[in-house]
Structures are given as C-alpha cells and as structure tokens.
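# A structural walkthrough
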Amino acid sequence: MPSLKSHVVSFVLRHSRKQAFASPENLQRWIAAARKTENHQPPASLHQRLDIQTHTVDGFPVYEIAPRDGEQKRILYLHGGAYVFEITPYHWHLIAEMADRLGYGITVPIYPIAPEHDFHAMFGMVGDVYRQMLDETEAEDIVFMGDSAGGNMAVVLTMMAAEEGLPLPSRHVLISPGLDVSLTNPAVFEAERNDPWLGIAGGREAIRLYSAGIDSSDWHISPVYGDLSVLPRTLLLTGSRDLLTPDNLIFAEKARAAGVEIDLVYEEGMFHVWPLIDMPEARRARERIVAFLGESRIVQDTRVRHEQRPAEAAE
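Here's a quick rundown of the structure. Please read all numbers here as calculations on a predicted model, not as lab measurements.

A count of helices and strands for the protein gives eleven helices and eight strands. In summary, the protein has a C-alpha radius of gyration of 19 Å against a globular reference of 20 Å for 315 residues, a match within 12%. Dimensions of the protein, computed from the C-alpha atoms along their principal axes, are close to 70 × 45 × 40 Å. Across the 315 residues that make up the protein, the buried fraction comes to 55%. Counting only contacts in the protein whose residues sit at least 6 apart along the sequence, the fraction spanning at least 24 positions is 77%. Accessible area for the protein stands at about 13,600 Å²; split by element, carbon and sulfur atoms hold 53% of it. Charge-centre separation for the protein: the mean point of 29 positive side chains lies 7 Å from the mean point of 44 negative side chains.

Glancing now at a nonpolar patch on the surface. Taken together, the side chains of L4, V8, F11 and V12 define a hydrophobic patch exposed on the protein surface, amounting to about 430 Å² of accessible area. On the accessibility criterion, F11 (55% relative accessible area) is exposed.

Taken as a whole and assessed by the stated rule, the structure comprises five aromatic pairs. With 4.9 Å between their ring centres and 80° between their planes, Y130 and F144 make a pair best called edge-to-face. Of this pair, Y130 sits in helix α6 (residues 119-136) while F144 sits in strand β5 (residues 142-147), placing them 14 residues apart in sequence. Across the pair, exposure class does not vary: Y130 and F144 are buried alike. A cation sits over an aromatic face here: R17 above F85, 5.2 Å from the ring centre. The ring of F292 is capped by R171, whose NZ or CZ atom sits 4.6 Å from the centre of that ring.

Turning next to the side chain of E86. Note on placement: E86 falls in the loop between β3 (74-78) and α5 (89-102). Within the buried set, E86 has no salt-bridge partner at all; the shortest N-O distance to an opposite charge, 6.8 Å, is to R35. For E86, the side chain forms a polar contact with the side chain of H79, separated by 3.3 Å. Once you skip the residues sitting within four places of it in the chain, E86 turns out to touch E38, H40, H79, G80, I110 and I113.

What follows concerns the side chain of R74. In this fold, R74 is placed in strand β3. Polar side-chain contacts of R74 include one of 2.9 Å to the side chain of T107. Separated by 3.1 Å, the side chains of R74 and T137 make a polar contact. Aside from chain neighbours lying at most four places away, what touches R74 is E64, G105, T107, M133, E136, T137, D141, I142 and V143.

With that settled, consider unusual backbone geometry. Geometrically, the link from A114 to P115 is a cis peptide bond, its omega value of 5° lying close to zero. Within the secondary structure layout, P115 lies in the loop between β4 (105-109) and α6. Located in the positive-phi region is D58, a residue other than glycine, with phi close to 55°. Within the secondary structure layout, D58 lies in the loop between β1 (51-57) and β2 (60-66). Positive phi, normally seen in glycine, also occurs at A82, with a value near 55°. By the secondary structure assignment, A82 is in the loop between β3 and α5.

What follows is about the pairing of β1. Moving residue by residue along a regular strand, the side chains alternate between the two faces of the sheet. Note that β1 and β2 share seven bridges and pair antiparallel. Within β2, the position partnered with H55 by the bridge is V62. If you look at the hairpin formed by β1 and β2, you'll find two residues sitting between the two strands, and D58 has a positive phi there, around 55°.

With mixed pairing, the eight strands of this open sheet are ordered in space as β1-β2-β4-β3-β5-β6-β7-β8. Sheet topology places β1 and β8 (262-267) at the edges, where each strand pairs with a single neighbour. If you compare each strand with its neighbour and ignore which way they point, the axes differ by 15° on average. Pairing of β3 with β4 involves three bridges; the strand directions are parallel. Within β4, the position partnered with I75 by the bridge is I106.

Right, let's talk about helix α7 (residues 149-164) for a bit. The terminal C-alpha atoms of α7 lie 22 Å apart, and with 16 residues this matches the ideal 22 Å at 1.5 Å per residue to within 8%. For α7, the tally of buried residues reaches twelve of 16 residues, placing the bulk of the element in the interior. For α7, every residue scored as buried is listed here: A149, G150, G151, N152, M153, A154, V155, V156, L157, T158, M159 and A161. Contacts made by the buried residues of α7 are with β3, α6, β5, β6 (171-175) and α9 (200-210). Note on α7: the residue one or two positions beyond its end, G165, has a positive phi of about 85°.

What counts, and where the lines are drawn
Residues numbered from 1 in each chain as written. Predicted model: local features only at pLDDT ≥ 70, side-chain atom pairs only at ≥ 80, totals over all residues. Heavy atoms only, no water. Helix = DSSP H or I, 4+ residues; strand = E, 2+ residues; numbered from the N terminus. Rg over C-alpha atoms; globule rule 2.2 N^0.38 Å. Buried < 20%, exposed > 50% of the residue type's maximum accessible area, 1.4 Å probe, protein only. Contact = heavy atoms within 4.5 Å. Areas by Shrake-Rupley, 256 points an atom, 1.4 Å probe, with all protein chains shown as cover. Lys, Arg positive; Asp, Glu negative; His and termini not counted. Charge placed at Lys NZ, Arg CZ, Asp CG, Glu CD. Patch = residues over 30% accessible without salt bridge, like charges linked within 9 Å, V, L, I, M, F, W, Y side chains within 5 Å. Salt bridge = Lys/Arg side-chain N within 4 Å of Asp/Glu carboxyl O. Phe/Tyr/Trp six-rings, centres within 6.5 Å; stacked < 30°, edge-to-face > 60°. Lys NZ or Arg CZ within 6 Å of the ring centre and 35° of its normal. Polar contact = N/O pair within 3.5 Å; in protein donor to acceptor, adjacent residues only side chain to side chain. Pairing = 2+ DSSP bridges. Axes fitted to C-alpha atoms, helices over the stretch in contact; angles between N-to-C directions. Expected span 1.5 Å × (residues − 1).

By themselves these figures say nothing about function.
Below you can see the structure in the form of structure tokens.
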C-alpha cells in the first residue's frame, strides 16, 4: 500500500507540476519562469560530504562528484527534466547518496537544454563527456544512470556509442525513463488520467522543442525502436501511476527478447521519478539501486581474485 507521504506528494504534484504539462502554452510559461530561478550548482551541504570538482565540455559545466575514499568505478548521471528543465536539488541528493553508499565517482554533465538548444547539442556534449570518461576509465567500470528524459538519453547514448564503435558501459540504471514518445500506444492515454505529474500535451511540446525535427518514432528520440541488443544489463524502475510505464513495460519485453538482462522494478501506486523524493518507497528503490550496482562490484572483485590465482600459484 502506498505510504501517506506518497499520497501527499501526489496531491501536491497534481495541483502544481501537472499544470506545466497541461498544454504547450503552459509548458512554455513554466520554462520561462524556470529560467529566472534555476541553479545547476550542487547544494552547499554536499560540499561538506564529497569532493566536488568542475570543468567544462563544449562550454558547459561538468561536475565530478567523488566520495573521500572512492573506487575507480564511475557513474555518468544524466538528469531528467523533459529536456527543458535544469537539474534540481532532488537529483543532487540522489547523486550524493549513490556516491556515499557505493563509493563510485559520479560525472554529472549540465548538458544544453531546449528550447535554447536541441538534440544535436545535447548529444554532442554528452557524447564528448563519455569519450573523455573512456580516456580515463575502462568501459566495464562505467555505469549510465538517468531519470525521465535522462533515462532516455542513457539508452540513446549507448546506442550511438555502439554505432560509433565505442566501448559500451557495463550497466544501466533507468528511473522512470521516457523510451517511446511516439504516442502510438493507446495505453499511454489511459495512463495519463492516473498520472499526477505528467501530461501528454505538454510532453509533446517538450519533444517538439528538443527533437530538432527528428521523427518521434526514430530510435534517436524513442530508443524502444532501436537495436536493443547492444544494451548492457539494466535496472528499470517504473511506477503504476506514470504515463510512461506502459511503454517501459514494452521496452523491458523487447529488450529481454533481444537478449538483454533486465531487472524490472514495478512499484504499485508510484508516480514519475518517485525514487528522487524522500519517502518510504524511494528509500526502497534506492536500496535496490545500491544492491544492483554493488552486485557488479562483487562480481568484479571475484573476477580479479580469480585472475590473480594462477600468478599466485606460480610464486
């Protein structure tokens, strides 16, 4: 049964953020208002817990978040925001918790957003970030994590890297990703009624602003139509009150059919990107993320020990 706090958050979202997605005009007004207040910098409290460095790629900031005593593994975190809104403190607190609990370095690109920029600028920048990461870290030690639009970007970026012949990340963590924006699935229209946050009209406008005229059924925009076989093992978290969920379930089926190992978390009663909100269901989701990524660390440690044994025996 959903927690009391989740009901409160749903109520607040329905009477606030839902309005942004009620129409194209509303979304435009929310974007204009957001530009006056948005601040991509990590909250001051994070600097007390973590080592935070900043550099630029293609003229845009990239934050490098590291625990005091971290491992070599790294997460590329791509934040959500419908391609038109900036990173928020909710994202930063999730990122900080992952750095603390996993001991991984986390790379956070403040990528160019629409309508000032489009698909080509976004993926040009995050593609360059990934190439720089590959210069410093083995692909098997890199994880792509993203929420909402960032989950879409994680999948598309992997597909684009495969097309380019680059080494691919070892795992994906996708939180309420938008993997099919073509609106060809009638279940999406039914799901909209139960979604306290997202709306189709505003979402369609966000896609128009960022997609640079690319058809919404092209895999660059809706990766569910791409070559899913190139994807790594994936943890997909999606909730029953998210209009993106019907297509996320289809994605999971298609990815499994393509040979991809998918760990699916379907949370009854949960809305879009609920793991970012401080409530019992989010804490449960974060435990699952830590277990999923921590498991990869255990596998890696075991593999290293096995590789060392022949050399040890020869001594």
